[in-house]
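Residue-level structural notes
One letter stands for each residue in the lines below.
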Amino acid sequence: MNRSMIKQQSAARPVALPKYNLTQNGDHSFQADIESRGDHSYPNSPVWKYHADYLPTQPVLGSEEDNVEDETRHQYLTAQAQWDAVETITPGSSYKTSSSQFISFNEALQYFQTADLEEYRSEIQTSVRRSRPAAFWHALFGPPKLHKDLVEERDMFFIMGKYPFRNEEDVHNRVLQTIYKKLTGSRFDCSRFGDHWQEIGFQGTDPLTDLRGAGFLALMNILHFVMDPDTLPLARDIFKLSNHETQNFPFCVMGINLTRICLQTLREGCLNRECNLRQQVLAVINDFYVAVYLYLYQKWKKDHKTVIDSSHVLKGLLAMYCECHSLV
């Protein structure tokens, strides 16, 4: 029996068929009039618009045409279930939409505390190389030495500055995704590569290319900034300013440069007194990082700085914070 015959015979029976209307917002969901009477026989799908004439709400059992109709409906429901099982794909990427859990600073730090980092220990420079007279003057009038029991934690800081981002490491990717979601408010992860990274202030489609010179430490500083509930509002205010029409700047790239300032400041010994007082190194560095970004934010906003001023502002920050007498 062909489809036209089924249609004619179905039309001969007094059945109430639903009417579907396209919603105002332009999406392709349809609202059935039958919902008002509690009849949910038909799924809210545009596909049903094309099947409604052939699928009565109250079929008469036993007829040949109904068997055909039941088979058609079964095939549709099967196809619909298969379609619903397919995960949404992020536009412009080959990644499935998913949402990994946020990773805290402490959880990410545990990764480094348990990893084998010996190959990077020989690469770090923990102090400034000075001539003999300069070293003598520094010993007499410079900042105090770091307590011996804090040396290992200080070395960990410098090793993270040498440690590269590794695509195969789940912790590394979670740190990157956490930063992205915390700044943008997105609920879903994004592709490892793509223009979306420029939205949070990386220069290209791969954040890894910007991390040279500060290593994974740069991401750790930003992670702490956005995961601490006390500093997250400030991070978002700075991020908002970084997207200003005229005063915009690359948020993450600027943060990477501030990590370099932190490295040099610790290398100069300018934070030794505070570290000794608090018996911590990483916590002091994280607080110092936020303080430097706050100062930059206020100066940038007040003086109407633009991205053209970036180099001059960063050089000024480095000179100011590496003057040890201002910090001890």
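That block above? That's the structure.
Given the structure is predicted, the values throughout are model-derived calculations rather than measurements.

What helix α4 (residues 105-114) keeps buried is the set Phe105, Ala108, Leu109, Tyr111 and Phe112. Considered in projection along α4, the buried side chains sweep an arc of 145 degrees and stay on one side of the axis. Exposed side chains of α4 directed beyond 90 degrees from the buried face belong to Asn106, Gln113 and Thr114. Contacts made by the buried residues of α4 are with α7 (151-160), α8 (170-184), α9 (215-227) and α13 (282-302).

Two numbers describe a pair of aromatic rings. These are the distance of the centres and the angle of the planes. Counting across every chain of the model gives 15 aromatic pairs. Ring geometry for Tyr289 and Tyr293: centres 6.1 Å apart, planes at 85 degrees, overall edge-to-face. Of the two residues, Tyr289 and Tyr293 are both situated in helix α13; the distance of four residues between them amounts to about one turn of the helix. Since its relative accessible area comes to 0%, Tyr293 is described here as buried. One aromatic cluster is present, formed by Tyr111, Phe112, Tyr120, Tyr163, Phe165 and Phe216 through successive ring pairs. The lysine or arginine in question, Lys182, covers the ring of Phe102, its NZ or CZ lying 4.8 Å from the ring centre. Cation over ring: Arg192 sits above Phe193, and NZ or CZ is 4.6 Å from the ring centre.

Looking now at the pattern of salt bridges. For the structure shown, the criterion picks out 10 salt bridges. Salt-bridge contacts for Arg121 lead to Glu118; the nearest nitrogen and oxygen are separated by 3.4 Å. With a gap of three residues between them, Arg121 and Glu118 both fall in helix α5 (residues 118-121), about one helical turn apart. Two residues, Arg278 and Asp287, come together in a salt bridge whose shortest N-O distance is 2.9 Å. Overall, Arg278 belongs to the partly exposed group, its relative accessible area being 30%.

The next thing to look at is α9. The first and last C-alpha atoms of α9 sit 19 Å apart over 13 residues, in line with the 18 Å expected at 1.5 Å per residue. The buried fraction of α9 is high, at 12 of 13 residues. All of the buried residues in α9 are Gly215, Phe216, Leu217, Ala218, Leu219, Met220, Asn221, Ile222, Leu223, His224, Phe225 and Val226.

Another aspect to go through is the side chain of His172. Mapped onto the secondary structure, His172 falls in helix α8. Among the polar contacts listed, one links the side chain of His172 to the side chain of Tyr111, at a separation of 3.3 Å. Side-chain polar atoms of His172 contact the backbone nitrogen of Arg166, separated by 2.9 Å. In this structure, His172 is in contact with Tyr111, Tyr163, Pro164, Phe165, Arg166 and Phe216, ignoring residues within four places of it in sequence.

As a further point, take the packing of α4 against α8. Orientation of α4 relative to α8, taken along the N-to-C sense of each, is 155 degrees, at an axis distance of 11 Å. For the element pair α4 / α8, the angle class is roughly antiparallel. Regarding α4 and α8, the two cross each other, and that crossing is left-handed. Here α4 contributes Glu107, Ala108 and Tyr111 to the contact with α8, which in turn contributes Val171, His172, Arg174 and Val175.

Moving on: the environment of Gln177. Among the structural elements, Gln177 can be located in helix α8. For Gln177, a relative accessible area of 8% corresponds to the buried category.

How each quantity is defined
Within any chain, residue numbers begin from 1 and follow the written order of that chain's sequence. Where local features are concerned, this predicted model is filtered to residues with pLDDT of at least 70; where side-chain atom pairs are given and counted, the filter is 80 or more; whole-chain, interface and lining totals use all residues. Water and hydrogen atoms were dropped before computing side-chain values, which therefore reflect all heavy atoms in the structure. Here's how the labels work: a residue is buried when its accessible area is under 20% of the maximum for its type, exposed when over 50%, partly exposed in between, all with a 1.4 Å probe on protein chains only. We count a stretch as a helix when DSSP gives it H or I for four or more residues in a row; a strand needs E for two or more, and each element gets its number in order from the N terminus. It is the directions from the helix axis to the C-beta atoms whose arc is reported. In what follows, residue pairs with any heavy atoms lying within 4.5 Å of each other are defined as contacts. Only the six-membered ring of Trp is used, alongside the rings of Phe and Tyr, when aromatic pairs are assigned; centres must lie within 6.5 Å, and planes under 30 degrees apart are stacked while those over 60 apart are edge-to-face, with the rest tilted. The rule is short: NZ of Lys or CZ of Arg within 6 Å of the ring centre and within 35 degrees of the ring normal puts a charge over the ring. Salt bridges are identified by distance alone: a Lys or Arg side-chain nitrogen within 4 Å of an Asp or Glu carboxyl oxygen. Given a helix with a known number of residues, its expected span is that number minus one, times 1.5 Å. N or O atoms within 3.5 Å of each other form a polar contact, as long as, within protein, one can give a hydrogen and the other can take it, and as long as residues adjacent in sequence are counted only when both atoms are side-chain atoms. Lines fitted to the C-alpha atoms define the axes, with helices restricted to the stretch that makes contact. Angles between their N-to-C directions range from 0 to 180 degrees. Note on angle classes: values under 35 degrees are labelled roughly parallel, values over 145 roughly antiparallel, values of 65 to 115 roughly perpendicular, and the remainder oblique. Crossings are classed by handedness, with left-handed meaning an anticlockwise turn of the near helix from the far one by less than a right angle and right-handed meaning a clockwise turn.

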